[in-house]
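Now for the letters of each chain:
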Amino acid sequence: MFRVLCLFAAFKAGILLDSGMLFPQESSSREVKELNGLWAFRADRSPTRNQGFQRAWYKSRLAETGPVIDIPVPSSYNDVTQDPNLRDFIGWVWYEREVVVPARWISDGKTRVVLRVESAHYYSIVWVNGVKVTEHEGGHLPFEADIDGLLREDPTTTTCRITIAVNNTLDLHTLPPGSIQYMKDRTMYPEGFFVQNTNFDFFNYAGIHRSVLLYTTPKAYVDDITVVTDFLDSTGLVRYNVSIQGATLVTLKVTLIDKDGHCVVSSNDTSGVLKVVDVKLWWPYLMHENPGYLYSLEVRLNAADGTSTYEDVYSLPVGIRTVKVTKNQFLINNKPFYFHGVNKHEDSDIRGKGFDWPLVVKDFNLMKWLGANSFRTSHYPYAEEILQMCDRHGIVVIDESPGVGIKDIRSFENASLTHHLEVMDELVRRDKNHPSVVMWSVANEPAAEMPPAGFYFQMLIKHTKVLDPTRPVTFITDSNYARDKGAPYVDVICVNSYFSWYHDPGHLEVIQIQLNTQFENWYGKYQKPIIQSEYGADAAPGFHSDPPVMFTEEYQKLVLRDYHSVFDQKRKLYVVGELIWNFADFMTTQGVTRMVGNKKGIFTRQRQPKEAAFILKERYWRLANETGRLPLWTNILENQLLKSFSF
Ligand code: GCB
């Protein structure tokens, strides 16, 4: 009973945004039309970047107001042409695509048509047939507009022209923050010269990074579903809440279906608790023989108004699992979970941050090869398709907001905090139902020592816990424990450190002592579980030296080895995870500390292993053997692997 009450408490908190953001899905009542492919494109190169608005480029076909080029969607625009000015462009760019809308979507009067952009970086304005339908701030989360009303204004035309203007400029109150600096000294800089300054270490790729699509629902539809799960002995508990739009008089049927398609339990209420006998829990990869078990929650709605009847069907994948934190453990399904994983970026050659299925699948195969059971979405929310893969494969996720590089005191002002809270609303609204997401990270390495940081993080973390009281919240720190204003409010301490790299470069002999001190200080002060959320060293692939020097593959390996020996002592006490920086090399802005990007990947940007990858692979499989239960096929592989290493 107590557990059920807790589940109810979680629900009362709810989500503050007033509409849902369910992933678009085809069903007997819904259609999806992807608008990916080539779009017409023009960067507004006028000195003010404002010509597109002055001349209303959205009012007619883009090709009629000037030259256009082909740009693929999804993709960053930066690396697909030979034009250095487009790679480094700052300001508004314009995308346009015409689409034929099936006539029945408009003629039947019963269909809702939604235009959805999965992500466009950073600020977007959207027009349909020259009429503004929405705008959105933030580069990593989806936004939508209902457009059927507009389409019905002229039912004779089924072609609709979608224009999206996207601006990548970052200022002190955007997330991530940045600033524009104008260089006015004409003896040194050309007319109109300015730069975008940022305090984060990845290239500010821009454009429409994920799918754009049209989807339909009936006018009366399932707007949102929230599930929170628990279990008691062998009975699973799925507390659900369905919110409906477009009708008040509805009948509803909610059915939980297992992997074999059998109905497990059903209900006719819009909210309640489903009891699942002989529950199959959702387990992480390498913690159980059968990881990532998903049920499906089918919600079937029937509604009627004076003239029409409506039926809507939506199926939500549901993993039944719990997450808890004690003072020195991270528990999944009440069992200690040790994160042995990676930090990633959405980043690859040519595509930049553009979503790409072959890349996603390759990365999952590499993570599984490595024996990684988890990753952090450093430093922004990733595509929802990636979280769906995590749900299915049992890869555990620390889901991070784009709060990276908050270093200027003005970025702690109210305008920033308000936006940061909104971003957390959007993030939790999108990702709340993914069993793979086990913790929210509200920011990475903010200037936690600045006076306003305490209030800022207290607000942010409190707000996130109200949005979702069922998951722990953290923020990632690189500052000294004594200066860190956020630590008192987080559930898990996540620390980044680069001993023998940014501190005492070249001195491997400091790693063990400094890392030991780091852990003892943090745990001594806060008695909370600790994750080493970043550590690593750059290695230019193919660079070798013995004795090792920085930037060689040997040096990277030795840094890992020394960190690992301390992790092995502390993981028996209170360290609950280690995430290497980084899974793969990635692009950064140009600068003297970066040689064609950040080279701390254990894989190259083309996803080939450096020597360090093999060190990590050996370690992660050994950890999995100690802490988890491997699937049958991995035992066979593991035996082969053990034979090839001498411990
Ligand atoms: C960090 C940052 C990450 C950087 C990394 C590095 O602490 O969180 O964004 O890329 O260090 O390699 O410097």
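Residues numbered from 1 in each chain as written. Predicted model: local features only at pLDDT ≥ 70, side-chain atom pairs only at ≥ 80, totals over all residues. Heavy atoms only, no water.

(A) Fine view of the sheet that holds strand β5 (residues 111-117). What the four strands build is an open sheet, ordered β1-β14-β5-β9; its pairing is antiparallel. With partners counted over all chains shown, the strands left at the sheet margins are β1 (32-34) and β9 (143-146), one partner each. Taking the axes of each pair of neighbouring strands and ignoring which way they run, one obtains an average angle of 20° across the sheet. As defined by bridge partners, β1 adjoins strand β14 (residues 212-218) across three bridges and the pair is classed as antiparallel. Paired with V32 across the strands is Y215, a residue of β14. (Pairing = 2+ DSSP bridges. Helix = DSSP H or I, 4+ residues; strand = E, 2+ residues; numbered from the N terminus. Axes fitted to C-alpha atoms, helices over the stretch in contact; angles between N-to-C directions.)

(B) Expanded view of the sheet that holds strand β26 (residues 374-376). If you trace the eight strands once around the closed barrel, you get β25-β26-β27-β28-β29-β30-β31-β32, paired in parallel fashion. Strand-to-strand twist of the sheet, defined as the mean angle between neighbouring strand axes without regard to direction, takes the value 25°. By the bridge criterion, three bridges tie β26 to strand β27 (residues 396-400) in an arrangement that is parallel. Paired with R376 across the bridge in β27 is I398. Docked against the sheet, helix α10 (residues 511-526) engages β29 (473-477), β30 (493-496), β31 (530-534) and β32 (575-580), running at close to 135° with respect to β31. (Contact = heavy atoms within 4.5 Å.)

(C) Structural view of the packing of aromatic side chains. Under the defined criterion, the tally for this structure stands at 41 aromatic pairs. When the ring of F457 is compared with that of F475, the centres are 4.6 Å apart and the planes differ by 25°; the resulting orientation is stacked. Of this pair, F457 sits in helix α9 (residues 453-467) while F475 is found in strand β29, placing the two residues 18 residues apart along the sequence. Residue F475 is classed as buried on the basis of its relative accessible area, which comes to 2%. Cluster of aromatic residues (ring-pair linked, three or more members): F53, W57, Y58, W92, W94, Y123 and W127. For K368, the ring lying beneath its charged end belongs to Y285, and the centroid distance is 5.2 Å. (Phe/Tyr/Trp six-rings, centres within 6.5 Å; stacked < 30°, edge-to-face > 60°. Buried < 20%, exposed > 50% of the residue type's maximum accessible area, 1.4 Å probe, protein only. Lys NZ or Arg CZ within 6 Å of the ring centre and 35° of its normal.)

(D) Broad picture of the site of the ligand. Taken together, the neighbourhood of the ligand is formed by 13 residues, with D201, H379, E445, Y502 and K600 sitting nearest. Within the side chain of E445, a nitrogen or oxygen atom sits 2.4 Å from an oxygen atom of the ligand. A distance of 2.8 Å separates an oxygen atom of the ligand from a polar side-chain atom of N598. Here the shell around the ligand is composed, by residue class, of four nonpolar, four polar and five charged. (Near = heavy atom within 4 Å. Polar contact = N/O pair within 3.5 Å; in protein donor to acceptor, adjacent residues only side chain to side chain. Nonpolar A, V, L, I, M, F, W, Y, C, P; charged D, E, K, R; others polar.)

(E) The UniProt feature "domain: Glycosyl hydrolases family 2 sugar binding" (unreviewed entry) in the protein chain, seen in detail. Sequence positions flagged by UniProt for "domain: Glycosyl hydrolases family 2 sugar binding" (unreviewed entry) are, in local numbering, residues 33-218. In residues 33-218, the share of helix is 10% and the share of strand is 41%. The end C-alpha atoms are 15 Å apart. (UniProt positions renumbered as here; feature names shortened; annotations may be inferred.)

(F) Representation of the environment of K485 within the structure. Tracing the chain through its elements places K485 in the loop between β29 and β30. Separated by 35 residues in sequence, K485 and M450 have C-alpha atoms that sit 8.2 Å apart. Excluding anything up to four places from it in sequence, K485 contacts A448, E449, M450, P451, A453 and G454. One polar contact links the side chain of K485 to the main-chain carbonyl oxygen of E449, over a distance of 3.1 Å.

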